[in-house]
Protein chains: 2
Amino acid sequence: MKFNNSPIGIFDSGLGGLTVFKEIRKILPFEDLIYFGDTARVPYGNKSKETIIKYSSEILGFLTDKGIKIAIVACNTSSSLALDYLRKISPVPVFGVIEPGAQKAVELSLNISGRKIIAVIGTSATVKSGAYSKTIKEKAGLLCGAKKAEAVNISNIDFNENLEIIEKSCPLFVPLVEEDFLNEEITKNVIKYYLASVIKEKPACLVLGCTHYPILKDFIEKEIGNSTEIIDSGVETARSVKNYLEEFGMLKSGTKYGNEIFFVSDDSERFKELGGKFLGRPIDNVYVVNFS
Amino acid sequence: MKFNNSPIGIFDSGLGGLTVFKEIRKILPFEDLIYFGDTARVPYGNKSKETIIKYSSEILGFLTDKGIKIAIVACNTSSSLALDYLRKISPVPVFGVIEPGAQKAVELSLNISGRKIIAVIGTSATVKSGAYSKTIKEKAGLLCGAKKAEAVNISNIDFNENLEIIEKSCPLFVPLVEEDFLNEEITKNVIKYYLASVIKEKPACLVLGCTHYPILKDFIEKEIGNSTEIIDSGVETARSVKNYLEEFGMLKSGTKYGNEIFFVSDDSERFKELGGKFLGRPIDNVYVVNFS
């Protein structure tokens, strides 16, 4: 059996990617993980494609210099806007958080007859990019092709004709999470405000298209009800990374719990304090890196 | 009479400084104005002092290269943390937004007998810096000294003993404004949530210690009531800049309406769209500048 003991690199514009880090750690306990949070330039959600590509490329360069075996773009905005570019320039495989979430949404919708409604919530930049709609449609085409070949009673055309994707930006969710929800009533009201139009459509599933949103999952679940399945992109990304490492003989050997190291571009105290809440345990090993 | 026809430079981390720009334009209609919004790295409010000094110095350098006669730091966070440094390195006078707001608060409090409570609201970084408390105390000392010399019946010691300053951070106000308030109920609830402890103290005045907050002024006024005077740092800064230019013979000559030019470090479309709301009229002449 082949192994690869190099670390996995994970990055985000700030803290949000820690929800992905948490899921990676959960199902890959022996891997060494390096996290980078671009806290000096956070958030990416309201910045241009060019700027996001520039920032993401700098971070990828930093991580590949550290000898990572794969990179995970644990940021939906960067995954939407910079992934294609990063894959072109990267010496190692690069994973985004959009594809795994989109894949799961399509899989869930396959079993539904009639209208299949997939809802996606994210930052303004993610929604504006249309990356989820595009990816879901691609996956739907591919998956239905495969299913058809396996003689499942659904055709590509039927599926795509009945597929509807609703994308909704919820720009206040990130500051709400970063401010520790303020209080339950305000959080509930903001969620209600954003999701009203989504809930009305009774979607089969709702993709949490921003790495901050899993922190709000319980609140969102209460609002949207049981008939809509909530898809956490972090969970799906972790699964797909694990499958890839297994398939290509790239898992770390042994059963020693993996090392963790965190880099930020600014203000490690705040990262430690808030990041601990994201990760569900205290964060140590935080180092500040200056890019300029 | 002496004149100086060079432009005035105004900068902020993003859009907020446009509320200051608006006030400057209102009382100095003939001046040429250059605005810089650091939209690629906005917000500053949750970043470290070192990072804010670095960003602010870069912008000051850009503006002085354009031949400005004075610079206005139209950002409370940068005024709190970077002003001393900027004044040391700048070839032209640098004005912040803290001193004029603090000065006005002290002037208003002079006429109050007994407890004099000044409330200040701002971003986490501004409040954490304690810049308003420090500046208000300095101004109070100076002003009372002056009043005493004029035989006004109030002593420096009495005044300072009865002076209480409440600083409260309201980090959700900025995203709320940038998201166009969402809706009235949520905005009202968030303001209520933050201001509850401030209102209880019945302050004589409330300083809007963030350039975004004037956009929320009507909502805040409704919540806090008539007995608390609201101080808009932008208005006070514009007044103090005008006085300075008059005193030192630095006003622009003639009565031709001044030119305006806007620079941003990212995404001029968003700046135009939202900035127009801040300024109360459409914005043209927006150019993107890349620092790196």
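What counts and how
- Residues numbered from 1 in each chain as written.
- Chains lettered and ligands numbered in written order.
- Predicted model: local features only at pLDDT ≥ 70, side-chain atom pairs only at ≥ 80, totals over all residues.
- Core = buried A, V, L, I, M, F, W, Y, C linked by C-beta atoms within 7 Å.
- Buried ≥ 20, exposed ≤ 12 C-beta atoms within 10 Å, placed from the backbone.
- Domains from an automatic or database assignment.
- Contact = placed C-beta atoms within 7 Å.
- Helix = DSSP H or I, 4+ residues; strand = E, 2+ residues; numbered from the N terminus.
- Pairing = 2+ DSSP bridges.
- Right-handed = clockwise from strand over helix to strand, strands pointing away.
- Nonpolar A, V, L, I, M, F, W, Y, C, P; charged D, E, K, R; others polar.
- Axes fitted to C-alpha atoms, helices over the stretch in contact; angles between N-to-C directions.
- Least-squares fit on C-alpha atoms with pLDDT ≥ 70 in both.
- pLDDT = per-residue confidence, 0-100.

Details of the nonpolar core
By size, the foremost hydrophobic cluster in this structure holds 79 residues, and its most contacted members are Ile10, Ile72, Val73, Ala74, Ile118, Phe173 and Val207 of chain A. Looking at this core, you find at least three residues from each of domain 1 (8-96 + 235-288) and domain 2 (98-234) of chain A. Those residues in contact with valine 207 of chain A that lie beyond four places of it in its chain are Gly101, Ala105, Ile118, Val120, Tyr132, Ile231 and Ser233 of chain A. Among the nonpolar cores identified, the runner-up in size contains 78 residues, and Leu15, Cys75, Ala131 and Phe271 of chain B belong to it.

Considering the environment of valine 73 of chain A
With respect to the helices and strands, the residue valine 73 of chain A is situated in strand β3 (residues 70-73). Apart from the residues lying within four places of it in its own chain, the contact partners of valine 73 of chain A are Phe11, Ser56, Ser78, Ser79, Leu83, Leu86, Val94, Phe95, Gly96 and Val97 of chain A.

Looking at the pairing of strand β8 (residues 229-232) of chain B
All names here are of chain B. Alignment of strand β7 (residues 205-208) against β8, held across 4 bridges, turns out to be parallel. Looking at the pairing, leucine 208 lines up with aspartate 232 of β8. Tracing the backbone out of β7, into helix α10 (residues 217-224) and back to the parallel element β8 gives a crossover that is right-handed.

Description of the interface of chain B and chain A
If you look at the interface, chain B gives 21 residues, while chain A gives 21 residues. Looking at which element gives the most residues to the side of chain B that touches chain A, the answer is helix α9 (residues 184-200) of chain B, with 5 residues. Class assignment for the residues of the side of chain B that touches chain A results in 8 nonpolar, 6 polar and 7 charged.

Examining the sheet that holds strand β4 (residues 94-95) of chain B
Residue and element names in this part refer to chain B. Taken together, the 6 strands give an open sheet; going across it, the order is β4-β3-β1-β2-β9-β10, and neighbouring strands pair in parallel fashion. Two strands bound the open sheet, and with one partner strand each, they are β4 and β10 (286-288). Note: strand β1 (residues 8-12) against strand β2 (residues 33-37), 5 bridges, orientation parallel. Directly across from isoleucine 8, in β2, lies its bridge partner leucine 33. Helix α3 (residues 76-89) rests against β3 (70-73) and β4 of the sheet, and its axis sits at about 155° to β3.

Considerations on the domain arrangement of chain A
All names here are of chain A. Its domain assignment divides chain A into domain 1 (8-96 + 235-288) and domain 2 (98-234). For domain 1 and domain 2, the distance between their C-alpha centroids amounts to 23 Å. If you look at the interface, domain 1 gives 27 residues, while domain 2 gives 26 residues. Within the residue set of the side of domain 1 that touches domain 2, elements represented by two or more residues are α1 (18-27), α3 (76-81), α12 (233-247) and α13 (268-279). No other element matches α12, which puts 6 residues into the side of domain 1 that touches domain 2.

Here we look at the sheet that holds strand β6 (residues 163-169) of chain B
Residues and elements named next belong to chain B. As summarised here, the arrangement of the 4 strands in space is β6-β5-β7-β8, forming an open sheet in which the pairing is parallel. Two strands bound the open sheet, and with one partner strand each, they are β6 and β8. Mean inter-strand twist for the sheet, computed between neighbouring axes without regard to direction, equals 20°. Sheet topology places strand β5 (residues 116-122) next to β7; 4 bridges connect them, and they run parallel. Within β7, the position partnered with alanine 119 by the bridge is leucine 206. Where α10 meets the sheet, its contacts fall on β7 and β8, and the angle it forms with β8 comes to roughly 155°.

Let's talk about the relation of the copies chain B and chain A
Overlaying chain B with chain A gives an RMSD of 0.0 Å, the required rotation being 180° about an axis along which the chain moves by 0.0 Å. Expressed as a symmetry operation, the mapping of one chain copy onto the other fits a two-fold axis. When C-alpha positions in chain B are compared against the rotation axis, the closest is assigned to arginine 41 of chain B, at 2.5 Å. Both copies contact each other with a shared surface, as 100% of the interface residues of chain B are interface residues in chain A too.

Some thoughts on the confidence of the model for chain A
All names here are of chain A. Confidence along chain A averages 89 in pLDDT terms, with 92% of residues attaining 70 or more. Predicted confidence is poor over residues 146-157, with pLDDT under 50, and the contacts of this stretch with residues over four places away or in other chains come to 12 contacts. As a predicted assembly, this complex carries a pTM of 0.83 together with an ipTM value of 0.76.

Thoughts on the environment of valine 288 of chain A
Residues and elements named next belong to chain A. Along the chain, valine 288 turns up in strand β10 (residues 286-288). Of the residues examined, valine 288 has 17 C-beta atoms within 10 Å and is grouped as partly exposed. In sequence terms valine 288 and phenylalanine 11 are 277 residues apart; their C-alpha atoms lie 14 Å from each other. Valine 288 has contacts with Val264, Asp266 and Ser268, leaving out every residue within four places of it along the chain.

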